[in-house]
Amino acid sequence: MLILLGLSALALRPAQSQSDEPLAVVLTVDGGIMPAMKEYIQRGLDSAEQRGAEVVIIQLNTPGGDLGSTVEIIQAFRNSSVPVVVYVTPNGSMAGSAGAIITLAAHAAAMSPETAIGAASPVGAGGAELDKTLKAKATEIIKAQLRPLVERRGAEAQALAMQMIDTARAVSAREALEVGLIDFVATDVSDLLRQLDGFQVEMSDGPRTLHTSNARTEPVNLTLIEQLLLMLTDPNISFLLIAIGVQAILIEISSPGGWVAGFIGVVCLTLATYGLGVLPVNWFGLVFMLMSFVLFVLDIKAPTHGALTAAGVGSFIVGALVLFNSPGTPQFQRVSIPLVIGVGIFLGLAFAVILTFALRAQRTPIQVGMEALAGKRGIATTTIKDEGHVQVGGELWSARPAEGSEAIHKGDPVEVVRLEGLRLIVKKK
């Protein structure tokens, strides 16, 4: 027993020494600052606090995003008991608009050599330009929030931060470092941890010195739900969900009794509603999109076919562009124009095929029932004067000759004129 305990102690010693190493929790924020991204950051901060992490590193690459989510992220940073370092990476990335404010709100800021930061001027809903009075108010509010965050960085850094808001100025990593707007330029996370070792940050309870020379890094990945919610805030995904959802609902209405199409339609439209609630959209575009599907359906009953389908395709494309691509909407929140045109043409072709089959079905002669017997041919099995028998379609029928018909003898070919009760009226063919 003593030998086993001794061996267990030796085996556990490396694990114990590893747990004594400082922990650096790493989050990756790549994309727009949306509510789902805010929840991801908050979850990462909570996890770091529970595990007693030395530092939280947020790898950031964003063109901007929702101002409400940005404010909540700043509050989470300032209330965190674990130092937060925002690291704009990899090369070619940017901390634009809301991303610039988030970077400056962290306890320490770093950038990869070939990155940029700035362009934080306020805009209206959907990215539209604000009028003079509203813009002045929004600018002053953002500057008031940002001023305490960059106060410690010196006069030059404060001036540059204000220019980012007033004139949408953006600078490179090297330029930001020269004026003290950021603390480090690092090539990777390992280089950043090396530079952070011994660096002093200002926390809510006072200054704290970081010890990250031997820190081990552990990533916090997006959960499946967070990935789904972020995907739903992609304008291209929201657009496709609307197109599929409305199409499925129309199929369910036109062919009631099933549930698959209706279920798919309701789910798609519900998911699209979440994205539309987060994205800056012009709701007037929905009117055009709904009108397009009405035109598609009306074309089936119209006397001339094709014109309404073409008008529906045009209405669908215009509606999608109005919905997502209104003037002033940020580029990263715009729907792909080729995607919209492609889906519009596909829907038009799909309805054209449906219309073709519908018209063909209307013109096809009746194949079953009493009405289907008129015009069919058969053979007289008896001589028919007043009454006799004929074989039509593999069945034996009672028959009598039509008025003015030639005499019908056994074996003569006949054609059905009409059906009276259970007796066929035939004529010699």
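Residues numbered from 1 in each chain as written. Predicted model: local features only at pLDDT ≥ 70, side-chain atom pairs only at ≥ 80, totals over all residues. Heavy atoms only, no water.

Section: helix α13 (residues 307-324)
Note the cut-off: Counting from the N terminus, the helices are DSSP H or I runs at least four residues long and the strands are E runs at least two residues long. Here a helix's expected span is defined as the number of its residues, less one, multiplied by 1.5 Å. Accessibility here uses a 1.4 Å probe with only protein chains present; expressed as a share of the type maximum, an area under 20% marks a residue as buried, one over 50% as exposed, and anything in between as partly exposed.
The end-to-end C-alpha separation of α13 is 26 Å, in line with the 26 Å expected for 18 residues at 1.5 Å each. Along α13, the positions that sit buried rather than exposed are Thr309, Gly312, Val313, Ser315, Phe316, Ile317, Gly319, Ala320, Leu323 and Phe324.

Brief notes about helix α11 (residues 260-278)
What counts, and what does not: Of all possible arcs, the one meant is that of the directions from the helix axis to the C-beta atoms.
Taking 1.5 Å of rise per residue, 19 residues should cover 27 Å, and α11 covers 28 Å from first to last C-alpha, within 8% of that figure. Taken together, the buried positions of α11 are Ala261, Gly262, Gly265, Cys268, Ala272, Gly275 and Leu276. Burial along α11 is one-sided: seen end-on, the buried residues are contained in an arc of 150 degrees. Opposite the packed face of α11, turned more than 90 degrees from it, sit the exposed residues Phe263, Thr273 and Gly277.

Describing a nonpolar patch on the surface
Counted only if it meets this: Note on patches: the residues involved have over 30% relative accessible area and no salt bridge, like charges join within 9 Å, and the nonpolar side chains Val, Leu, Ile, Met, Phe, Trp and Tyr join within 5 Å. Computed with a 1.4 Å probe, the accessible areas rest on the Shrake-Rupley method; for each residue, only the protein chains presented here act as cover. Salt bridges are defined by distance alone: a side-chain nitrogen of Lys or Arg within 4 Å of a carboxyl oxygen of Asp or Glu.
A cluster of nonpolar side chains, Leu240, Ile244, Trp259, Val260, Phe263, Ile264 and Val267, forms an exposed patch at the surface whose accessible area comes to about 660 Å². Mapped onto the elements of the fold, phenylalanine 263 is located in helix α11.

Points about the sheet that holds strand β12 (residues 377-380)
Inclusion rule: Strands are labelled as partners when DSSP assigns at least two bridges between them. Lines fitted to the C-alpha atoms define the axes, with helices restricted to the stretch that makes contact. Angles between their N-to-C directions range from 0 to 180 degrees.
Pairing is mixed around the closed barrel formed by five strands, whose spatial order is β12-β13-β14-β16-β15. Within this sheet the neighbouring strands show an average axis-to-axis angle of 55 degrees, counted without direction. By the bridge criterion, four bridges tie strand β14 (residues 395-401) to strand β16 (residues 423-428) in an arrangement that is parallel. Across the sheet, residue serine 398 finds its bridge partner in β16, namely arginine 423.

Focus on empty space enclosed by the protein
What counts, and what does not: The method works on a 1 Å grid over the protein atoms by themselves. A cavity is a set of points holding a 1.4 Å probe that cannot get out, a pocket is an open set with protein on both sides within 12 Å along at least five of seven lines, and residues with an atom within 4 Å of a point line them. Grid points are joined across faces, edges and corners, and a volume is the space filled by probe spheres set on the points. Polar here means any residue other than Ala, Val, Leu, Ile, Met, Phe, Trp, Tyr, Cys and Pro, which are nonpolar, and Asp, Glu, Lys and Arg, which are charged; Gly is therefore polar.
Here the structure, examined in full by the defined rule, presents one cavity of 30 Å³ or more. Space inside the largest cavity adds up to approximately 40 Å³. Every element with two or more residues in the lining of the largest cavity is listed here: α3 (67-79) and α5 (132-150). In terms of residue count, α3 provides more of the lining of the largest cavity than any other element does, four residues in total. Across the lining of the largest cavity, the residue classes tally to six nonpolar, two polar and no charged.

Thoughts on the sheet that holds strand β7 (residues 170-172)
Pairing between the strands of a sheet comes from backbone hydrogen bonds, and it takes one of two forms, parallel or antiparallel. The strand order across the open sheet built from three strands is β4-β6-β7, with neighbouring strands paired in mixed fashion. Strand pairing shows two members of the sheet lacking a second neighbour, β4 (94-96) and β7, which therefore form its edges. Each neighbouring strand pair of the sheet contributes to a mean axis angle of 15 degrees, computed without reference to strand direction. Bridge count for β4 against strand β6 (residues 116-118) is three bridges, and the pairing is parallel. Bridge assignment links glycine 96 to a residue of β6, and that residue is glycine 118.

Structural notes on unusual backbone geometry
The step from threonine 89 to proline 90 runs through a cis peptide bond, and the omega angle for that step is 0 degrees. As for its position among the elements, proline 90 is in the loop between β3 (84-88) and β4. Phi angles above zero are rare outside glycine, and serine 97 is one such case at about 50 degrees. Structurally, the position occupied by serine 97 is in the loop between β4 and α4 (98-105). The phi torsion at alanine 168 lies on the positive side, around 55 degrees, for a residue other than glycine. Alanine 168 sits in the partly exposed class, given a relative accessible area of 36%.

Some words on the packing of helix α2 (residues 35-50) against helix α9 (residues 224-232)
The condition is simple: Note on angle classes: values under 35 degrees are labelled roughly parallel, values over 145 roughly antiparallel, values of 65 to 115 roughly perpendicular, and the remainder oblique. We call two residues in contact whenever any of their non-hydrogen atoms come within 4.5 Å of each other.
Where α2 contacts α9, the axes come no closer than 9 Å and their chain directions differ by 155 degrees. When the axis of α2 is compared with that of α9, the two are roughly antiparallel. Across from Ala36, Met37, Glu39, Tyr40 and Arg43 in α2, the residues of α9 making contact are Glu226, Leu229 and Leu230. Of the residues that constitute the contact of α2 with α9, the class distribution is five nonpolar, no polar and three charged.

Brief notes about the pairing of strand β2 (residues 55-61)
Quick note on the threshold: Handedness of a crossover is defined as follows: orient the strands so they point away from the viewer, and if the path from the first strand over the helix to the second runs clockwise, the crossover is right-handed.
Of all seven residues in β2, six are buried; the element is thus mostly enclosed. Of the pairings in the sheet, the one linking strand β1 (residues 23-30) to β2 comprises seven bridges and is parallel in character. Its bridge partner lying in β2, aspartate 30 is registered against asparagine 61. In the classification by handedness, the crossover that spans β1, the intervening α2 and the parallel β2 is right-handed. As judged from the five bridges shared by β2 and β3, these two strands associate in the parallel manner. Across the sheet, residue leucine 60 finds its bridge partner in β3, namely valine 88. Note that the unit made of β2, α3 and β3 has a crossover that is right-handed.

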